[in-house]
Amino acid sequence: MTTLLLLGALAFAGAAAACKAGKDETAKSPWPAVSKEARAAAEAALAANPDNPFFKPYGTPFNVPPFDRIKTEHFLPAIQEGIRREQAEVDAIVANKAAPDFANTIAALDHAGIFLTEVDSVFSSLGSAMTSPELQAVDRQTAPLLAAHSDNISLNEKLFARVKDVYDRRDSLGLARDELFLLENTYKDFVRGGALLDAAQKARFRELNQELSLLTVGFGENVLAETNAFKMVLTDKADLAGLPASVVAMAAAAAKRAGLPDGQWLFTIHVPSMTPFLTYSERRPLREKIHRAYLMKGDNGNEFDNKENVRKIATLRRERAQLLGYASHAAYVLERNMAKTPEKVNEFLAQLWAPTLVKAKEEAAALQALMDRDPKAGRGTLASWDWWLYTERLRQEKYALDDEALRPYFKLDNVRDGIFALCGKLYGLQFIPRPELPRYHPDVQVFEVQEADGRHTGILYMDFHPRPSKRSGAWSGGFRRAYDEQGVRVPPISTITCNFTAPTADAPALLSTDEAGTFFHEFGHSLATLFSRSRFRTRTVARDSVELPSQIMEHWVFEPELLALYAKHYQTGEVIPAALVEKLEKSKLFNQGFITAEYLAASILDMAWHTAADPGAADVRAFEKEAMDAIGLIPAIVPRYRSTYFSHIFSGGYAAGYYAYIWSEVLDCDAYEAFREKGIFDRATAESFRKNVLEPFGTDDIMAQYVRFRGAEPKIDGLLKNRGLTVK
Ligand SMILES: [Zn+2]
């Protein structure tokens with residue numbers, strides 16, 4: 001997917017805004033009226049595509065996409081029409097006889113492309129959540145079209161001349177803060193999109209974008225194919241040694257869904273299947289088998305091998321960055337982030353790496369000691385496929401805490417209701433089930449979100465469990481433009497897509513504590529989408545602040561006051577016992593060395609690829625080894641993603657940006673301190689966070705917004721405390 005960004009970033013890619021459509025909003029619309037020509041062309045397009053639901057108003061409640069009527073063959077003509085319309089809108093701006101000004105050029109450009117954004121947001125969302133060979137074919141067909149279209153706008157010399165004219169006079173125009181922010185970012189977008197290149201450079205720039213658009217689509221397809229290809233079918237009961245009944249039931253249910261006979265158990269390298277196996281299985285060779293399969297995704301030398309894609313993507317991105325005058329792709333990306341330069345990111349990561357490695361080594365030593373005492377382990381050195389098992393045993397030994405024993409208190413619906421309750425306490429929100437709205441899959445849950453006084457805020461689609469047509473991971477995205485074509489603001493439709501533990505024959509979906517945290521995280525992205533308010537569609541979010549709205553939500557998950565509201569046993573309804581909560585609290589820093597190390601290692605690998613001098617010549621495995629040897633990563637820990645399935649950076653929007661999670665964590669830990677100081681459900685603090693940070697997210701400088709909320713810039717202390725790190 002060309003515009004799909006992972007883990008919630010889509011929510012900020014332009015299709016987000018909020019609040020009820022009202023006359024006041026319409027009156028303030030800064031956009032040009034729809035011309036007669038544009039209206040006639042739209043009518044002609046509808047006449048040529050009478051059955052295509054994208055060409056006319058959806059006619060559904062809340063104007064949600066009519067999934068019951070959308071067919072795969074509707075996307076290509078709709079995307080082509082979207083490209084045509086946006087091009088016509090751009091042509092009209094260029095043809096305007098009036099001298100360029102903010103309204104007729106910058107605001108008009110902000111308005112252009114609404115139709116395309118709408119179609120593409122539905123297309124990209126389905127491409128990730130429920131793809132098919134037919135949809136993948138459309139993606140391969142449209143990715144280069146969309147890349148060329150984007151270049152046709154950013155390389156349009158007459159258009160850029162108008163933008164530059166307004167930009168050069170920006171200080172004398174008396175613009176409001178949000179207008180100035182939009183103007184500066186629009187200008188910057190053009191420059192970064194090649195507007196200052198000469199003709200030969202522009203031609204090469206276009207070629208690079210074409211090639212990259214296809215390579216990144218291919219990368220993602222390969223990862224999906226490899227994730228679905230591996231199946232470990234167990235037929236001997238003895239191979240289930242160590243697995244709790246719930247995990248066995250899950251594997252039996254998976255086997256049944258796959259059409260296997262009774263008495264067989266299926267494990268896959270989807271995380272909800274693999275992680276419990278690694279956590280409990282006493283069969284070391286099987287643990288090794290499944291974990292190796294996971295680690296080798298895209299690196300098997302078959303038709304789905306991604307090594308050449310990695311080399312090519314990194315090489316072409318570097319060439320493109322250098323064409324624009326940057327030393328590396330990382331330098332190009334980071335210019336717009338809070339961190340600004342690769343040096344600053346590397347320095348930040350190194351500062352965290354040193355104490356993390358010390359902690360991870362201590363953890364490894366403790367696990368090795370445990371393994372040495374295990375009569376069933378055989379002699380051996382702790383390997384990556386041993387880490388989960390002995391970590392779980394150590395957790396039980398130290399804290400008498402068993403992650404499986406916690407699951408009954410984290411029934412999916414209860415966790416969801418806990419999040420709803422939290423949003424009620426903080427923001428007064430209400431969530432009303434809307435099962436009657438069209439859905440793209442029967443498992444999807446749909447809710448209407450309302451303010452305390454009943455005003456409509458938006459719609460939320462939630463899609464929880466894995467299936468072969470779904471990309472792995474969890475993310476928040478959206479289905480809807482923030483405005484209709486008349487410039488009237490319409491409430492957004494946000495989506496949350498996850499790969500959580502599925503229900504079994506005997507039990508509903510019971511989440512691990514990790515999954516509960518992920519749910520809160522993605523919900524935070526959705527809140528930013530649902531709350532967002534601005535006069536313009538364009539949002540420019542510093543990538544390394546994008547996890548602030550999501551990660552702050554994670555701080556509430558295990559707060560005893562909130563657990564009391566939602567963590568109820570799925571059978572008895574009993575609230576999670578205080579003793580368990582206390583154990584959870586005490587074990588908070590347990591295994592943090594590992595979690596932080598595998599994350600930082602992946603971030604460092606990302607930076608290595610996007611600053612490398614000659615990535616095209618790299619042997620992918622040797623490149624990884626060198627990058628990891630340089631930081632002294634121990635063999636029992638593997639980077640959270642190896643290169644060949646690092647979709648965040650090779651098919652998503654996180655290239656030279658995977659560090660952003662922990663950079664954002666400086667912000668979210670510091671922000672949560674404000675709640676700790678005033679009370680974790682304090683309404684005034686929540687309202688200030690909403691007004692100063694969430695509503696204008698991406699329409700102003702993030703540090704300025706943050707300071708308006710917190711009264712000061714964030715300190716790193718909260719992050720260090722949260723991770724149990726001591727920096728010298
Ligand atoms: Zn996120």
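Residues numbered from 1 in each chain as written. Predicted model: local features only at pLDDT ≥ 70, side-chain atom pairs only at ≥ 80, totals over all residues. Heavy atoms only, no water.

### Digging into the overall build of the chain
Step number 1: When helices and strands are counted, the chain shows 29 helices and seven strands.
Step number 2: For the chain, the C-alpha radius of gyration of 25 Å lies close to 27 Å, the compact-globule estimate for 728 residues.
Step number 3: Expressed along its principal axes, the backbone C-alpha trace of the chain runs to roughly 85 × 60 × 55 Å.
Step number 4: When each of the 728 residues of the chain is scored for burial, the buried share is 61%. (Helix = DSSP H or I, 4+ residues; strand = E, 2+ residues; numbered from the N terminus. Rg over C-alpha atoms; globule rule 2.2 N^0.38 Å. Buried < 20%, exposed > 50% of the residue type's maximum accessible area, 1.4 Å probe, protein only.)

### Digging into the packing of helix H23 (residues 592–611) against helix H26 (residues 660–678)
Packed helix pairs are specified by the crossing angle of their axes together with the interaxial distance, meaning the distance between the axes.
Step number 1: It is the contact of H23 with H26, at a shortest axis distance of 9 Å, that shows an interaxial angle of 125°. In terms of axis orientation, H23 runs oblique to H26. Here H23 contributes Thr596, Tyr599 and Leu600 to the contact with H26, which in turn contributes Ala660, Tyr661 and Ile662.
Step number 2: The residue inventory of the contact of H23 with H26, partitioned by class, reads five nonpolar, one polar and no charged. (Axes fitted to C-alpha atoms, helices over the stretch in contact; angles between N-to-C directions. Parallel < 35°, antiparallel > 145°, perpendicular 65-115°, else oblique. Contact = heavy atoms within 4.5 Å. Nonpolar A, V, L, I, M, F, W, Y, C, P; charged D, E, K, R; others polar.)

### Quick notes on the packing of helix H3 (residues 75–95) against helix H4 (residues 102–111)
Step number 1: For the pair H3 and H4, the least separation of the axes is 10 Å and the interaxial angle reads 175°. Classified by the interaxial angle, the pair formed by H3 and H4 is roughly antiparallel. For the pair H3 and H4, the contacting residues are Glu89, Val90 and Ile93 in the first and Asn104, Thr105, Ala108, Leu109 and His111 in the second.

### Section: the side chain of arginine 317
Step number 1: Along the chain, arginine 317 falls in helix H13 (residues 307–323).
Step number 2: Here histidine 610 takes part through its side chain, which lies 2.8 Å from a polar atom of the side chain of arginine 317.
Step number 3: With residues near it in sequence (within four places) discarded, arginine 317 still touches Leu212, Thr216, His329, His610, Ile649, Phe650 and Ala655. (Polar contact = N/O pair within 3.5 Å; in protein donor to acceptor, adjacent residues only side chain to side chain.)

### Some thoughts on the packing of aromatic side chains
Step number 1: Tallied over the entire structure, the rule returns 48 aromatic pairs.
Step number 2: Chaining the aromatic ring pairs together yields one cluster made of Tyr294, Tyr599, Tyr641, Tyr645, Phe646, Tyr654, Tyr658 and Tyr661.
Step number 3: Directly above the ring of phenylalanine 115 sits arginine 85, whose terminal nitrogen or CZ lies 4.0 Å from the centroid.
Step number 4: Lying over the aromatic face of tryptophan 475, arginine 471 brings its terminal NZ or CZ to 4.0 Å of the ring centre. (Phe/Tyr/Trp six-rings, centres within 6.5 Å; stacked < 30°, edge-to-face > 60°. Lys NZ or Arg CZ within 6 Å of the ring centre and 35° of its normal.)

### Some remarks on H13
Step number 1: The first and last C-alpha atoms of H13 sit 25 Å apart over 17 residues, in line with the 24 Å expected at 1.5 Å per residue.
Step number 2: Lys307, Asn309, Val310, Arg311, Ile313, Ala314, Leu316, Arg317, Arg318, Arg320 and Ala321 are the residues of H13 that are buried.
Step number 3: Buried residues belonging to H13 abut helix H9 (199–229), helix H14 (329–334), H23, helix H24 (620–631) and helix H25 (647–650).
Step number 4: Directly after H13, the chain includes glycine 325, whose backbone phi takes a positive value near 95°. (Expected span 1.5 Å × (residues − 1).)

### Considering the coordination of the zinc ion
Step number 1: In this structure, His521 (NE2), His525 (NE2) and Glu547 (OE) serve as the protein donors to the zinc ion, at separations of 2.0 to 2.1 Å.
Step number 2: When the donor residues of the zinc ion are listed from N- to C-terminus, their spacing reads H-x3-H-x21-E. With histidine 525 in helix H19 (residues 513–531) and glutamate 547 in the loop between H19 and helix H20 (548–554), the pair connects residues that are 22 residues apart, well separated along the chain. (Donors = N, O, S within 2.8 Å, 3.2 Å for Na, K, Ca; no water.)

### Some thoughts on the side chain of arginine 318
Step number 1: Turning to its location among the elements, arginine 318 is positioned in helix H13.
Step number 2: Despite its burial, arginine 318 remains without a salt bridge, the nearest opposite charge being carried by aspartate 614 at 7.0 Å.
Step number 3: Residues within four places of arginine 318 in sequence aside, it is in contact with Ala327, Ser328, His329, Thr611, Ala612, Ala613 and Pro615. (Lys, Arg positive; Asp, Glu negative; His and termini not counted. Salt bridge = Lys/Arg side-chain N within 4 Å of Asp/Glu carboxyl O.)

### What about the pattern of salt bridges?
Step number 1: Taken as a whole and assessed by the stated rule, the structure comprises 53 salt bridges.
Step number 2: Linking aspartate 374 and arginine 393 is a salt bridge whose minimum nitrogen-to-oxygen distance equals 2.9 Å. Here arginine 393 lies in helix H16 (residues 387–399) and aspartate 374 lies in the loop between helix H15 (342–373) and H16, a separation of 19 residues in the sequence.
Step number 3: On the basis of relative accessibility, which here comes to 28%, the residue arginine 393 falls in the partly exposed class.
Step number 4: Here arginine 710 and aspartate 670 are joined by a salt bridge, their closest N and O atoms 3.2 Å apart. Remark: aspartate 670 occurs in helix H26 and arginine 710 occurs in helix H28 (residues 702–710); sequence separation between them is 40 residues.
Step number 5: Using a relative accessible area of 22% as the deciding quantity, one classes arginine 710 as partly exposed.
Step number 6: Judged by its relative accessible area of 7%, aspartate 670 falls in the buried class.

### Here's the deal with the sheet that holds strand S7 (residues 493–497)
Step number 1: Read from one edge to the other, the open sheet built from five strands follows the order S3-S4-S5-S7-S6, with strand pairing classed as mixed. Looking along the sheet, the strands with just one partner apiece sit at the ends: strand S3 (430–433) and strand S6 (475–478). Strand-to-strand twist of the sheet, defined as the mean angle between neighbouring strand axes without regard to direction, takes the value 25°.
Step number 2: Here strand S5 (residues 456–463) pairs with S7 via five bridges, running parallel. (Pairing = 2+ DSSP bridges.)

### Observations concerning unusual backbone geometry
Step number 1: For asparagine 63, which is not glycine, the phi dihedral falls at a positive 55°.
Step number 2: Of note in the backbone geometry, asparagine 591 takes a positive phi value of approximately 70° without being a glycine.
Step number 3: For asparagine 591, the position within the fold is in the loop between helix H22 (578–586) and H23.
Step number 4: Overall, the relative accessible area of 15% leaves asparagine 591 in the buried class.

### Quick word on the environment of aspartate 506
Step number 1: On the secondary structure map, aspartate 506 appears in the loop between S7 and H19.
Step number 2: Overall, aspartate 506 belongs to the exposed group, its relative accessible area being 66%.
Step number 3: C-alpha separation for the pair aspartate 506 and methionine 250, spaced 256 residues apart in sequence, amounts to 9.6 Å.

### Section: the confidence of the model for the chain
Step number 1: Averaged over all residues, the pLDDT of the chain is 92; the fraction at 70 or higher stands at 94%.
Step number 2: Low confidence marks residues 1–27, where pLDDT is under 50. Its contacts with residues over four positions away, or in another chain, come to 97 contacts. (pLDDT = per-residue confidence, 0-100.)

### Description of empty space enclosed by the protein
Step number 1: By the definition in use, this model includes five cavities of 30 Å³ or more.
Step number 2: Taken as a whole, the second largest cavity holds about 80 Å³ of empty space.
Step number 3: Lining the second largest cavity, in full, are Asp178, Phe181, Leu182, Asn185, Ser534, Arg535, Phe536, Thr538, Arg539, Thr540, Gly698 and Thr699.
Step number 4: The residue makeup of the lining of the second largest cavity, split by class, is three nonpolar, six polar and three charged. (1 Å grid on protein atoms, 1.4 Å probe; cavity = no way out; pocket = protein on both sides within 12 Å on 5 of 7 lines; lining within 4 Å. Points joined across faces, edges and corners; volume = space filled by probe spheres on them.)

### Describing the pairing of strand S4 (residues 445–450)
Where a strand is regular, its side chains alternate between the two sheet faces.
Step number 1: By the criterion of burial, S4 is predominantly enclosed, with six of the six residues buried.
Step number 2: Side chains Gln445, Phe447 and Val449 project from S4 onto one buried face, and the interleaved Val446, Glu448 and Gln450 project onto a second face that is buried too.
Step number 3: Two strands pair when backbone bridges link them, and S3 and S4 are joined in this way by four bridges, in the antiparallel orientation. Counterpart to isoleucine 432 in the pairing with S4 is glutamate 448.
Step number 4: Sheet topology note: the S4/S5 ladder contains six bridges and is antiparallel. Within S5, the position partnered with glutamate 448 by the bridge is isoleucine 459.
Step number 5: As consecutive antiparallel partners, S4 and S5 are separated by five residues, and within that stretch glycine 454 has a phi angle of approximately 90°, a positive value.

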